[in-house]
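# Tertiary structure, described
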Amino acid sequence: MNLKPIALAAAMLAAQTAHAQQEVGADDNRASPQQLDRVEVRRQSTDTDLRRRQPVAKQIYGRDELDKYGDTQLSDVLKRLPGVNMQGGQLRMRGLGGAFTQILVNGEPAPPGFSVEQLNPAQVERIEVSKAPTADQSAQAIAGSINIILKDAPRVVQKDLRLGLAYNHDKPVVNGSFTYGDRVAGGMAAVLPISFFSWRLLNETEGERLGRDAQGRPQRLATEGWDVPYGHGFNVAPRVNWKLGEDETVSLQGFMVRNNFRNLGHTDTTVLQGAAPTSVDDQFSNRGNFQAARLSLQYNKRFEDDQRIELRSTVGNGGAEFDTRFLGRNAAGVQTLDRRTTGEGKNRGATLSGKYSRFLGEAHSLTVGGELERRSRDEQRRTVQNGAELLPGIEGQPFDATINRSAVYAQDDWEINKQWSGYLGLRHERIRTTSEGAGSEFRNNSSVTTPLLHLNYKFDPAARDLLRMSLTRSYKAPDVQQLIARPTINTEYPTSGSNTETAPDRVGNAALKPELATGLDIAFEKYLSGGGLVSVGVFHRRITGLIRNSLVQESVPWAAVPRWVAKPINLSRANTSGLELEIKGRAAELMPGWFAPTTALNLRASLSFYDSKVKDVPGPDNRLEQQQPWSLNLGVDYRLKSLPVSMGASLAFTPSYEVQQTDLTRLETGRARSIDAFALWNLSKTDSLRFSIQNLAPVAGTSTTFIRGGDYNFSERRPKSWYALNWEHKF
C-alpha cells in the first residue's frame, strides 16, 4: 500500500485547517469548534526495514515470506531464500553443509536430530539469516547461521485455523495447524500453535556400476527401483509471557515435535558383465520414530534506562528408534540375504545462560555474558545378517557420550559518528566430549577463541545505503559420530575376506580437532525508497584443520585379513570465496520504464558464485565437497486488480559440477532445479483458499562417482511434483 498520497493529503488538510484558524484567531481568541484532532499516519516496519537497522549483516523474513506458498515444512521456505539451498535433505548456505551451516532455535543450537522438515512455518515468528557470527551466539557457523524464532505471544487476540490436502503419490494426505493467542489476565499473554503433518512420496531410481567383485574381477551392474517414504507427525510450541512490572518480564517457551516414518522400496539388478552379486532382487523396509521436547524459561529486567539483564534456562530430551529390514534373492529366486538393523538413541540436555547489557556514554552499548551446556547421548544398535551378528562383541553394546560446553563473551556496539558504526566482540568456547561405551572409548577436548569485528558505513548520514564489512573467526567442532571408534562395515564385502578401495569400512577418530575459519565479508546494500533492495556482497573463508576422510588398508580387529578403512582426519587447509548478488522490490521501482506505478508486481532475484580449493587434494576441481559453482533464485508475485487473487512463482537452479574428492575418487553431480508456484484467493476477510505446486516439472537428480582405474558408480533419482490445497480461517 502506497502511503505517500495519504500522508500528503493529511498534511495539506492540517495546513489548511491551521491557516483558517490563524485567520479567525486574529480577531478572536476563542477556540474554533471545528478544530481537528492530531492525525498520525504510521507505516509498519517491513522485513527490509528491519534488515537495514541491524548492527550486523542479517537477512530477516517474517510472515509474508512464511505464509506465501502455504508450506507445511519450513525447509520449503528456506530453499527459496537467497544463498540457501537444500541438497539431499541437508540445509546449506554458500554451498556448504555438513554442520558448516548452524541451525538455531530461539538463538540456541537446535536439538540433536532436529530437522527443518519437522517444523511447520505456522509456528515460526520470523527467520534470521546471518552470514557472519556474533559473540552472543555460538561461533560454529563457518558458512553462516539460520535462527528460527518461534511464535511470540500476541498483543491482540489471534485465532486462525489452516487445513489442507496434498498429493504426490498413490493417495492424498492431510495437514493442518491451529493457533490461539490472547491476553490471559493482567500482564500475562499466551500463544498455543499446534500443527499436524503427513507425507507420502514416490521416488524412482536408476543406476549403473562398474567395479570389482570380492575376487577382484571386473563387474558391471545396472539397477532399477523405487521407494515410497511416508509418515505423519505433529509439533506444538506454546509460549507464555508474564509482565511482572514496567521493566520486568518472564517468558516460558515450549517446543515438542514427534513423527513416525516408514519407507518401502525395491531394487532389481541386471548383470551386464562378470559374476552375479549375492542378490539381484532386493526389498527393504524402514520404520521408526523421532521425538524431541524443549522447555525454556527466560527472565528479563531493565535497571533504569541504561542497564538490563537476561537469564535463560533450558532443558530438553528426545530420541529416535528405527528398524530396517533388507531381503535379497538371487536370479533363481532363492533368498540369499536377510539383514536386519535395529537401534535407538536418546538425547538429554540442559543449558544455562545469562547476559548483562548497559550503555557507556552516548556511543557505546556493552554486553557481557556466559553459557553452560551439558548434553548426553545413549545409543544402541544391532545388525544381524543371515541369523548371525555382523560384528560379534560389538553389536547391541551400549554407547554413551557426554558433551560439556562452556562459553564467555563480550561485545560492544559502538556509534562512532553519524556515518560509522561498529561491533566488536570476543567469544571463548570450551568443548569436552567423553565416551566410555563398549566398543568405543574416547576423550576429546578443544577450545576456540573467536574475535569478531563488524563495521557499517553510511555514504550519506541522511541516506539509507550501507556498506557492511566483517572480519570474524568461526569454527566447526567434530560431531560425536566422527569421534566414535566403533566401525561401520561395508556389507557388500563380508568380514571373512577383504574389501576394495571403493567400498571401505568406516571408523571414527577421537583425536579430531575443530576446523577453524578466518572470514572476511563485504557487502553494499542499497535500500530503495519504495521498499526495494539491491545488495552486492563478497566473502572469503580460510579454513584450517579441514576434516576429510583418509583411506588406508590395515589390519583390523573385526576381520582376519587387512581391510580398506576410511577414517576422518584434519587436513591442512582450504579456501573458499564467493560473490552474492540480490535484488528485490516492486517492478515499477526496479524497471520504471517497463511497468506503470500502479502495477501490483513484485520481483526478486539472487545470483551467487562460489569457488574453493582444498590444498591436500589434487586438482582440478579440488573444491569443498558438494559446493556448487553457482546458484540462481528467481521469484515473481502478482496481485490481480479485478479479483481478490494473488499468485506467484519461484525458481531455484544449480548447474552440474564435478568435485575431486580424493586422489582416488571424483564426484559429478547433476543439475538441480526446483519450480514452485501458488495462487491465493481471498474469499472474505476471514477466509482464504490457496493452491500450490512444489517441484513443478521436476528434473532427475544424478550423481556419478568416478574411481581411479576406470570404475564408476552412477545413480539417478526421479522425484514427483507435490500438489497442495489449503484453506485458512481467521476467527
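Right above here is the structure, for reference.
Quick look at the structure, then. Predicted, not measured: the structure shown is a model, and the values here were computed from it.

Calculation criteria
- Residues numbered from 1 in each chain as written.
- Predicted model: local features only at pLDDT ≥ 70, side-chain atom pairs only at ≥ 80, totals over all residues.
- Heavy atoms only, no water.
- Phe/Tyr/Trp six-rings, centres within 6.5 Å; stacked < 30°, edge-to-face > 60°.
- Buried < 20%, exposed > 50% of the residue type's maximum accessible area, 1.4 Å probe, protein only.
- Helix = DSSP H or I, 4+ residues; strand = E, 2+ residues; numbered from the N terminus.
- Salt bridge = Lys/Arg side-chain N within 4 Å of Asp/Glu carboxyl O.
- Contact = heavy atoms within 4.5 Å.
- Pairing = 2+ DSSP bridges.

### Quick look at the packing of aromatic side chains
Scanning the entire structure with this criterion turns up nine aromatic pairs. An angle of 75° between the planes, with centres 5.3 Å apart, marks the rings of Tyr457 and Phe459 as edge-to-face. Judged by relative accessible area, Phe459 falls into the partly exposed class, the value being 46%. Taking the centre distance of 6.2 Å and the plane angle of 55° together, the rings of Phe539 and Tyr610 count as tilted. Of the two residues, Phe539 is situated in strand β26 (residues 533–544) and Tyr610 in strand β30 (residues 601–614); the sequence distance between them amounts to 71 residues. Both residues of the pair, Phe539 and Tyr610, count as buried.

### Re the pattern of salt bridges
Tallied over the entire structure, the rule returns 54 salt bridges. Between Arg162 and Asp67 there is a salt bridge; the shortest N-O distance is 3.3 Å. Placement of Arg162 in strand β8 (residues 158–167) and of Asp67 in helix α3 (residues 63–67) is noted, with a sequence separation of 95 residues between them. Neither residue differs from the other here; Arg162 and Asp67 are each classed as buried. For the salt bridge of Arg718 with Glu206, the shortest nitrogen-to-oxygen distance reads 3.4 Å. With a gap of 512 residues between them, Arg718 in strand β38 (residues 711–718) and Glu206 in strand β11 (residues 203–212) connect regions that are remote in the sequence.

### Topic: the side chain of Ser365
Structurally, Ser365 is set in strand β18 (residues 364–385). Ser365 gets classed as buried once you look at its relative accessible area, which sits at 18%. Setting aside its immediate chain neighbours within four residues, Ser365 contacts Arg358, Phe359, Gln411, Asp412 and Asp413.

### Some thoughts on unusual backbone geometry
Along the chain, Gly619 connects to Pro620 via a cis peptide bond; the corresponding omega equals 0°. Take Pro620: it is sitting in the loop between β30 and β31 (630–639). Notably, Asp621 is not glycine yet its phi reads approximately 60°, a positive angle. Along the chain, the position of Asp621 falls in the loop between β30 and β31.

### Digging into the sheet that holds strand β6 (residues 124–130)
Spatially, the five strands line up as an open sheet ordered β1-β6-β7-β4-β5, and their pairing is mixed. The open sheet is flanked by β1 (58–61) and β5 (108–109), the only strands paired with a single partner.

### Quick look at the pairing of strand β17 (residues 335–360)
When strand β16 (residues 307–329) meets β17, the two strands line up antiparallel, connected through 23 bridges. Counterpart to Arg312 in the pairing with β17 is Ser353. Counting the residues in the hairpin turn of β16 and β17 gives five residues, including Gly333, whose phi is positive at 85°. Of the pairings in the sheet, the one linking β17 to β18 comprises 22 bridges and is antiparallel in character. Looking at β18, one finds that Ala350 is bridged to Arg374.

Shape descriptors only; they carry no functional weight alone.
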